[in-house]
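# A look at the structure
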Amino acid sequence: MTEIQPIPATVVPQLRVITRDAHGLSRKQMSQSALRVLYRLREAGFGAFLVGGAVRDLLVGGEPKDFDVATDATPEQVKALFRNCRLIGRRFRLAHVVYGREIIEVATFRANGGDDEGDRQTDDGGRLLRDNVYGSIEDDAVRRDFTANALYYAIEDFSVRDYVGGFEDVQARVLRLIGDPEARYREDPVRMLRAARLAAKLGFTIEPATAEPIARLAPLLADASPARLFEETLKMFLAGHAAASFELLEAHGLLPVLLPETAQALASNKSGALRCMLMQGLRNTDARVQAEQPVSPAFLYAVLLWPAYCRALALLQAQGVHAVEAQRRAADRVTMHQVARIALPRRFSQPMQEIWLLQPRFALRMRKRVFRLLAHPRFRAAFDFLELRLAASNTHAEDVAFWREAQLHPAESVAANAQETQPEEGDEIQNAPRKRRRRRRPADKGPAE
Ligand code: ATP
Ligand code: MG
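First, a word on what this report is: a plain description of the structure on this page.

What follows covers the site of ligand 1. Surveying the vicinity of ligand 1 reveals 18 residues, the closest of which are Arg-56, Lys-65, Asp-188, Arg-197 and Lys-201. In this structure, an oxygen atom belonging to ligand 1 sits 2.6 Å away from a side-chain N or O atom of Lys-65. Separating an oxygen atom of ligand 1 from a side-chain N or O atom of Lys-235 is a distance of 3.4 Å. For ligand 1, the accessible surface in isolation is 590 Å², of which the surrounding protein chains cover 85%. The pocket occupied by ligand 1, as judged from atoms lying within 2 Å of grid points, is the largest pocket. Per-class residue counts for the shell around ligand 1 are 1 nonpolar, 3 polar and 14 charged.

As structure tokens, then:
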């Protein structure tokens, strides 16, 4: 085994072997494809381990979403063993072994220490610029982020190898950074988000020394890649633990860096109505994920940025900007400012804006407008958003009831609620006062065709 190269925080890896009966993990819980990869590597004489999130999730009784393998075989050696294998990545090469729709990622043990060429290099702030040397399993363990993520299930004897105290931490449900927390966040500020996300996902507590620097170092996240932050936010908010993640972002001072205008809007909204709506939206998203219903980044971002949009809109209207124009400008402004931090692709930001801009149209009931809105490609999402606003604030009940009915019996609803006069443009503002409604026809009369 190669010499141990401790990372700067001088973490000295100490091996503890947890035997099969002590950890209770069973191969039955593991992906068949991952097991095939492990056995093949082992037969060829290489070390082969299941590692990272999969081991952690299995230990807490969860269902891993992917199974990663770590080995001492080089990517080229892995490729030679599997026909269904392709190598990816330039900076650090990884092998993907493909079984139908399942991909098993096989990574060669990676090192972050030592004096070799390709050694870890950091910028002035301590941020990691390169790490591309292979190393020992010990090197690989200490360069991981949290102790709970650095456990290795060995196919050779079915034991769990723990070099950093991760097994105990998982038992105690604690998230602890390996090494000096401040140094590790400076290397990679996204680890602060990972702390919040994994604590939310697993119901772990963030150990005090790991939690302490976060609020202080949160501004470093502004230098993280906006594309990576977009990916992280999807993992955070579309995986069934959005509400808990959001609360942890707030608690650790990460929200103002990630969603600056939303944070500002929430802080200045004395009634708390905007936060209430946002949390309700996140809880609904979690419920949909639980029920295996589809969730969309556009709707999610419509929820996350709604406070920012409402604030921007109010400010523009206070400046005397005409309502319809103010809506458009507020939507554009909020989107433009946010994408500088989180790279929300246009295919999501556009429907997000449509969801917002359709909201005032639910207050309008003229025949033509009803049919036009019902046929709008974003109608369903916008209506779900309206329902969410109702659930959070107990307002808009009348609009929700009308449009629920209109989806079932459009012609009848229009006949019963006809507003044939064209409204002034200024009517199309958020929560515009509604025209008086005539009594609805009884439902049993059927569509008025
Ligand atoms: P999830 O369940 O969301 O997939 P995960 O821990 O598996 O969580 P991944 O992003 O899949 O997260 O990363 C796999 C493993 O790679 C982690 O368990 C951890 O060991 C390591 N890792 C990931 N990101 C970092 C990072 N920023 N710094 C150090 N190690 C990391
Ligand atoms: Mg993973």
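So, next bit.
Checked against the element boundaries, Asp-169 lands in helix 6 (residues 166–171). Sequence separation of Asp-169 and Phe-204 is 35 residues, and the distance between their C-alpha atoms is 9.4 Å.

Further remarks concern unusual backbone geometry. Positive phi, close to 60°, is recorded for Phe-158, a residue that is not glycine. With respect to the secondary-structure elements, Phe-158 resides in the loop between strand 11 (151–154) and strand 12 (160–162). Note on Phe-158: relative accessible area 16%, which makes it buried.

Scanning the model with the defined rule gives 11 aromatic pairs in all. Aromatic pair Phe-109 and Tyr-152: ring centres 6.5 Å apart, planes at 70°, arrangement edge-to-face. Placement of Phe-109 in the loop between strand 6 (102–108) and strand 7 (110–111) and of Tyr-152 in strand 11 is noted, with a sequence separation of 43 residues between them. Here Phe-109 matches Tyr-152 in class, with each residue buried. Geometrically, the ring pair formed by Tyr-152 and Tyr-163 is edge-to-face, given 6.1 Å between the ring centres and 85° between the ring planes. With Tyr-152 in strand 11 and Tyr-163 in the loop between strand 12 and helix 6, this pair connects stretches of sequence that are 11 residues apart. Clustering of aromatic rings is evident, with ring pairs tying together Phe-299, Trp-306, Tyr-309, Trp-356 and Phe-385. Across the ring face of Phe-158, the terminal group of Arg-27 is positioned such that the distance to the ring centre comes to 3.9 Å.

Reading the values: the criteria
Residues numbered from 1 in each chain as written. Chains lettered and ligands numbered in written order. Predicted model: local features only at pLDDT ≥ 70, side-chain atom pairs only at ≥ 80, totals over all residues. Heavy atoms only, no water. Near = heavy atom within 4 Å. Polar contact = N/O pair within 3.5 Å; in protein donor to acceptor, adjacent residues only side chain to side chain. Areas by Shrake-Rupley, 256 points an atom, 1.4 Å probe, with all protein chains shown as cover. 1 Å grid on protein atoms, 1.4 Å probe; cavity = no way out; pocket = protein on both sides within 12 Å on 5 of 7 lines; lining within 4 Å. Sits in = over half its atoms within 2 Å of the grid points. Nonpolar A, V, L, I, M, F, W, Y, C, P; charged D, E, K, R; others polar. Helix = DSSP H or I, 4+ residues; strand = E, 2+ residues; numbered from the N terminus. Buried < 20%, exposed > 50% of the residue type's maximum accessible area, 1.4 Å probe, protein only. Phe/Tyr/Trp six-rings, centres within 6.5 Å; stacked < 30°, edge-to-face > 60°. Lys NZ or Arg CZ within 6 Å of the ring centre and 35° of its normal.

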